[in-house]
Amino acid sequence: MTTPSPAAFVRPLIIDPAGKRFLLLSACPSGAAGVTWTIPVVPVRTCESFARAATNYLQQQTGLPWPQIAPVIGRFPAGPGRQRPEYVVLAPLPSPAWPKYLPERAGRWWTTAQLRAARDVVEPAILPDFIDGYWDGWLPDGEISLE
């Protein structure tokens, strides 16, 4: 029996509002300079919300008790190079103490300034601008296009 194709994909990003930083995964296990930094891509099943898929993933991978999803949601529509829509959701940590409990394999904490200064590749490339818009409060709640 084959697994059904996902209806969409969600990309949950753990953020630390107190430190204005976010957790990215390295495409290279060593975390060396010049690597690509990214966020996970989680399939969303038919009849499942992207928020539920993100919450389930975050609980399984990090042990966060009941991750909340911020009201700002980035959306990449389906199109050339992307067969299904993708949603970038922000999951604020429940308290400033949580970063020290995340496993080492979880990735690296970044600010947008650090990421830009490192000149490492980030995927999706618009992520630093999306995060700055969230921190600075100029993004409206709801879905916004990240094209």
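Residues numbered from 1 in each chain as written. Predicted model: local features only at pLDDT ≥ 70, side-chain atom pairs only at ≥ 80, totals over all residues. Heavy atoms only, no water.

Within the structure shown, the criterion is met by seven salt bridges. Residues Asp129 and Arg116 are paired through a salt bridge, measuring 2.7 Å at the closest nitrogen-oxygen approach. Placement of the pair is Asp129 in helix 3 (residues 127–136) and Arg116 in helix 2 (residues 112–118), with a sequence separation of 13 residues. Accessibility expressed as a relative area gives 43% for Asp129, which makes it partly exposed. A residue is classified by how much of its surface remains accessible, and Arg116, at 38% relative accessible area, is partly exposed. Across the pair Asp132 and Arg116 runs a salt bridge, and its minimum N-O distance is 2.6 Å. With Asp132 in helix 3 and Arg116 in helix 2, this residue pair connects regions lying 16 residues apart in the sequence. Here the residues in one salt-bridge network are Arg11, Glu86 and Glu123, joined through shared partners. (Salt bridge = Lys/Arg side-chain N within 4 Å of Asp/Glu carboxyl O. Helix = DSSP H or I, 4+ residues; strand = E, 2+ residues; numbered from the N terminus. Buried < 20%, exposed > 50% of the residue type's maximum accessible area, 1.4 Å probe, protein only.)

Before going further, it helps to spend a moment on the nonpolar core. Note that soluble globular proteins tend to have their nonpolar side chains buried in a common cluster. The biggest cluster of nonpolar side chains holds 21 residues, and the ones touching the most others in it are Leu13, Phe22, Leu24, Leu127, Phe130 and Ile131. Those elements giving two or more residues to this core turn out to be strand 1 (8–16), strand 2 (21–26), strand 5 (72–76), strand 6 (86–92) and helix 3. A total of four residues in this core trace back to one element, the largest contributor, which is helix 3. (Core = buried A, V, L, I, M, F, W, Y, C linked by side-chain atoms within 4.5 Å.)

Residues Glu123 and Pro124 are joined by a peptide bond in cis, for which omega reads 5 degrees. Turning to its location among the elements, Pro124 is positioned in the loop between strand 8 (121–123) and helix 3. Even without glycine at this site, Lys20 takes up a positive phi of about 50 degrees. Structurally, Lys20 is set in the loop between strand 1 and strand 2. The exposure class assigned to Lys20 is partly exposed, which follows from its relative accessible area of 41%. A positive phi is found at Cys47, a non-glycine position, where the angle reads about 70 degrees. Along the chain, the position of Cys47 falls in the loop between strand 4 (42–44) and helix 1 (50–62).

Let us look at the environment of Ala78. Among the secondary structure elements, Ala78 is positioned in the loop between strand 5 and strand 6. Taking C-alpha positions, Ala78 is 8.8 Å from Ala8, a pair spaced 70 residues apart along the chain. For Ala78, the residues in contact, after removing those within four places along its chain, are Gln83, Arg84 and Pro85. (Contact = heavy atoms within 4.5 Å.)

The next subject is the packing of aromatic side chains. A full pass over the atoms with the stated rule returns three aromatic pairs. Each ring, one from Trp37 and one from Trp110, has its centre 5.2 Å from the other, and the planes form 70 degrees; the classification is edge-to-face. You can see Trp37 sitting in strand 3 (residues 36–38) and its partner Trp110 sitting in strand 7 (residues 108–110), a full 73 residues away along the chain. Of the residues examined, Trp37 reaches a relative accessible area of 3% and is grouped as buried. Centre to centre, the rings of Tyr134 and Trp135 are 5.5 Å apart; their planes meet at 55 degrees, and the pair counts as tilted. For Trp135, a relative accessible area of 15% puts it in the buried group. Directly above the aromatic system of Trp109 lies the positively charged group of Arg21, at a separation of 4.6 Å from the ring centroid. (Phe/Tyr/Trp six-rings, centres within 6.5 Å; stacked < 30°, edge-to-face > 60°. Lys NZ or Arg CZ within 6 Å of the ring centre and 35° of its normal.)

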